[in-house]
Amino acid sequence: MPLELTIVHTDTPTLLRNLEYNDVDAQIKIYNRLAARLVSAGAECEAKVEAIMLGGLILHWFIRSGQCERPWELAEKEHFENVQEQFDSYCAN
């Protein structure tokens, strides 16, 4: 049975250090490992993870931009409406 919600926790100090030093590759490796952990726990994920929500920080990690962004600010910066369909389109390109 697929899980509707599956959560993994990341190391916040490591995340913040990677953001501070703009170490995108290191953070992508961490998120890919966490996404694989979700899949192994039964979560249904697409083969390519496009965004990961960081709930406590109200940020999403966007693979396309390689950084954490507030969704509404990203929508404004990239000139699209702040709705799920527009994010799906943005992430698919």
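Residues numbered from 1 in each chain as written. Predicted model: local features only at pLDDT ≥ 70, side-chain atom pairs only at ≥ 80, totals over all residues. Heavy atoms only, no water.

## Side note on the overall build of the protein chain
Which entries qualify depends on this criterion: By the criteria applied, helices consist of DSSP H or I runs no shorter than four residues and strands consist of E runs no shorter than two, each listed in order from the N terminus. Using a 1.4 Å probe on the protein chains alone, a residue whose accessible area is under 20% of its type maximum counts as buried, one over 50% counts as exposed, and one in between counts as partly exposed. Any two residues whose heavy atoms approach within 4.5 Å at even a single point are treated as in contact. The Shrake-Rupley method, run with a 1.4 Å probe sphere, supplies the accessible areas, and residue values consider only the shown protein chains as cover.
Each helix and strand counted, the protein chain has four helices and three strands in total. Mapped from its N terminus to its C terminus, the protein chain presents α and β elements in the order α-α-β-β-β-α-α. Burial status across the protein chain gives 27% buried among its 93 residues. Summarising the internal contacts of the protein chain: among those between residues at least 6 apart in sequence, 37% fall at separations of at least 24. Counting only carbon and sulfur atoms, one obtains 52% of the accessible surface of the protein chain, whose full area is about 6,600 Å².

## Things to note about helix H4 (residues 84-92)
Using the following cut-off: The directions considered for the arc are those from the helix axis to the C-beta atoms.
Among the residues of H4, those classed as buried are Phe 87, Tyr 90 and Cys 91. Down the axis of H4, the smallest arc covering the buried residues is 95 degrees, so these residues share one side. Facing away from the buried side of H4, by more than 90 degrees, are the exposed residues Glu 85 and Ala 92.

## Description of the nonpolar core
Note the following rule: Put simply, buried Ala, Val, Leu, Ile, Met, Phe, Trp, Tyr and Cys residues joined by side-chain atoms within 4.5 Å make one nonpolar core.
Formed by Phe 62, Leu 74, Ala 75, Phe 80, Phe 87, Tyr 90 and Cys 91, the largest nonpolar core amounts to seven residues. Secondary-structure elements contributing two or more residues to this core are helix H3 (71-78) and H4. The biggest single contributor to this core is H4, with three residues. Ranked by size, the runner-up nonpolar core spans five residues in total, among them Leu 15, Ile 30, Tyr 31 and Leu 34.

## A few points about the packing of helix H1 (residues 12-20) against helix H2 (residues 24-40)
Note the following rule: Here the axes come from fitting lines to C-alpha atoms, over the contacting stretch only for helices, and the angles between their N-to-C directions go from 0 to 180 degrees. Classes in brief: Ala, Val, Leu, Ile, Met, Phe, Trp, Tyr, Cys and Pro nonpolar; Asp, Glu, Lys and Arg charged; the others, Gly included, polar.
It is at 9 Å that the axes of H1 and H2 come closest, and there the two elements cross at 145 degrees. Here Thr 14, Leu 15 and Asn 18 of H1 come into contact with H2, specifically with Ala 26, Gln 27, Ile 30 and Tyr 31. Counted by class, the contact of H1 with H2 contains four nonpolar, three polar and no charged residues.

## Considerations on unusual backbone geometry
At Asn 22, a position not held by glycine, the phi torsion is positive, near 55 degrees. Among the structural elements, Asn 22 can be located in the loop between H1 and H2. For Asn 22, a relative accessible area of 57% gives the class exposed. One non-glycine residue, His 79, adopts positive backbone phi at about 60 degrees. Here His 79 shows up in the loop between H3 and H4.

## Details of H3
Looking only at H3, the buried set comprises Pro 71, Leu 74 and Ala 75. Looking down the long axis of H3, one finds its buried residues gathered within 100 degrees of arc, a one-sided arrangement. A positive backbone phi angle near 60 degrees is found at His 79, which sits one or two residues after H3.

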